[in-house]
Amino acid sequence: MPATTPAAPSGTVLASAVSRATRRLMPMIVILYVVAFLDRTNVGFATKGLELDRGISTAAYAFGAGVFFIGYAIFEIPSNLALQRFGAKLWLARIAITWGLVSASFAFVQGEKSFIALRFLLGVTEAGLFPGIIMYLSEWFPNRDRVRLFAIFYLAQPFSQIIGSPLSGVLIDVGNASAGGVTGWQLMFAVEGALAVIAGVAAIFLLVDSPEKATFLSAPQKTALREAMAGEDELRRSDGPSGVWAAMRNGRVWYFTVIYFCLQIAVYGVTFNLPDQVSSLVGRDVGWQVGLIAAIPWTVGIFACYFTGKNAVTVARRRVWGALLFVSTGIFVFGSAWAGANGYALLGILFITIAVSSFLSIGPIAWSFPTAFLTGPAAAAGIGLINSLGNLGGFVAPNLREGIVGATGSDALGIAALGVLPFLAAVMMLGTKRFRTSSDRLLVDVRGERADRKA
């Protein structure tokens, strides 16, 4: 028997609760993911230094860059289940502190084996952060607000590169210019790892596990949020899997896992190689100047991501916009490869910028679908599965690119290969129309109900 939609709490009180919770929680959430994404990708700035100082080959670098996601995938679901048991505040803080310590340890890398081992351990310690935050937001905020908040959360990716690219470049320049026996890449890893530890300690004091424990909400605001989330949970239980194993066998969960895998191929294929690609385009060594230029795509991506999160308020818009953004990602990854091969530096930077803006804007849309039908332990398992296996795209991307470059001798073909799977994801995004269930009502904004019914 289909679930009925419960009476909605007072719109004004609920809106004020969402607004206050957003101001109180989102800054810390964004900071956590800023330092996470920075520590995950700053290895791109250390490529040349690791090769010259420690003899780490291009193939070992590609494998090490990707092996992060193997450790990440293995420990993702257990970490999510632990978050449910111990609470988001303590578990997210634990994740940040331990990955910060591992990230700082890269300053002591001695060769290929220690580099690969630390990349794997970094994935193990960071496992659970991203899906844990997705779960955390889905327990705090109604779905109609969630894409906007996912978009704010996703802004951490461009912010980490806007801040982190110049910061990494400056730290490398400072370290290389110092006479203390510390190389630039060592200083970069040590400082940026320490930032994660500081963020983890701050999370203990600034995050709150649930609306019931929030001293910054009034009693009516707590009630409004509780009623709104209880209503969503009722619909999700009626449409989605119940329990851990049911979620892991669910066809929709695996469908969105494939979509997310295709997205991550593009994300990490571009991110891991962006400093070197920009360096090649502009004809300068990696340093603060390349860092500033590499920050341009992420700066533009902030506005694209925010616009998408604010306006993709219906199922129809999310489906169509998601498909178009996947197509845009694929086209402009191809375009950046062509521009690089033909020496068009400005066009190359422009195409990279559009590709980055496109794939950044997809993330909030992609996560709005599974969080509409997963709840409780099923959410911990389902979201963990989507994120862990989807993130294996981060393992495949650098190794796929390196394999094609090695086989063909063409860096352009290596880049272009990363733009193929987004087209498959575009088709699959349009195919989500066949998943219409009663939980679709969670995704409908009153301004778009008529358009959504037509979709």
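Residues numbered from 1 in each chain as written. Predicted model: local features only at pLDDT ≥ 70, side-chain atom pairs only at ≥ 80, totals over all residues. Heavy atoms only, no water.

> Tell me about the packing of helix α15 (residues 296–311) against helix α17 (residues 345–368), and name the residues and values.
At their nearest, the axes of α15 and α17 sit 8 Å apart, and the two run at 35° to each other. Regarding α15 and α17, the two cross each other, and that crossing is right-handed. Packed against α15, whose contacting residues are I296, P297, W298, V300, G301, A304, C305 and T308, the element α17 presents I352, T353, V356, S357, F359, L360, S361, P364 and I365 at the interface. (Axes fitted to C-alpha atoms, helices over the stretch in contact; angles between N-to-C directions. Helix = DSSP H or I, 4+ residues; strand = E, 2+ residues; numbered from the N terminus. Left-handed = near helix turned anticlockwise from the far one by under 90°. Contact = heavy atoms within 4.5 Å.)

> A description of empty space enclosed by the protein should follow, citing residues and the corresponding values.
Counted according to the given criterion, the structure contains six cavities of 30 Å³ or more. Roughly 60 Å³ of internal volume is contained in the second largest cavity. For the lining of the second largest cavity, the secondary structure elements donating two or more residues are α12 (251–271), α16 (315–341) and α17. Within the lining of the second largest cavity, the residues separate by chemical class into six nonpolar, three polar and one charged. (1 Å grid on protein atoms, 1.4 Å probe; cavity = no way out; pocket = protein on both sides within 12 Å on 5 of 7 lines; lining within 4 Å. Points joined across faces, edges and corners; volume = space filled by probe spheres on them. Nonpolar A, V, L, I, M, F, W, Y, C, P; charged D, E, K, R; others polar.)

> An account of the pattern of salt bridges is needed here, citing residue identities and associated values.
As enumerated under the stated definition, the model contains three salt bridges in all. For E212, the salt bridge goes to R226, with nearest N and O atoms at 2.5 Å. Of the two residues, E212 is situated in the loop between α9 (184–206) and α10 (219–239) and R226 in helix α10; the sequence distance between them amounts to 14 residues. Under the relative-accessibility criterion, R226 is labelled partly exposed at 42%. (Salt bridge = Lys/Arg side-chain N within 4 Å of Asp/Glu carboxyl O. Buried < 20%, exposed > 50% of the residue type's maximum accessible area, 1.4 Å probe, protein only.)

> Tell me about the nonpolar core, and name the residues and values.
Within the largest apolar cluster, 132 residues are counted, with the highest numbers of intra-cluster contacts made by L92, W99, F130, W140, F153, F359 and W367. In terms of residue count, the dominant contributor to this core is helix α1 (residues 11–41) (15 residues). Sequence-distant contacts of L92, defined by excluding residues within four places in its chain, comprise L32, L83, L129, I133 and L207. (Core = buried A, V, L, I, M, F, W, Y, C linked by side-chain atoms within 4.5 Å.)

> Would you mind going over the packing of α15 against α16 in detail, with residue names and values included?
Across the interface, α15 lies against α16 with an axial gap of 10 Å and an inter-helix angle of 155°. Taken together, the axes of α15 and α16 are roughly antiparallel relative to one another. For the pair α15 and α16, contact is made by F307, T308 and N311 and by R317, W321 and L325, respectively. In terms of residue class, the contact of α15 with α16 is made up of three nonpolar, two polar and one charged. (Parallel < 35°, antiparallel > 145°, perpendicular 65-115°, else oblique.)

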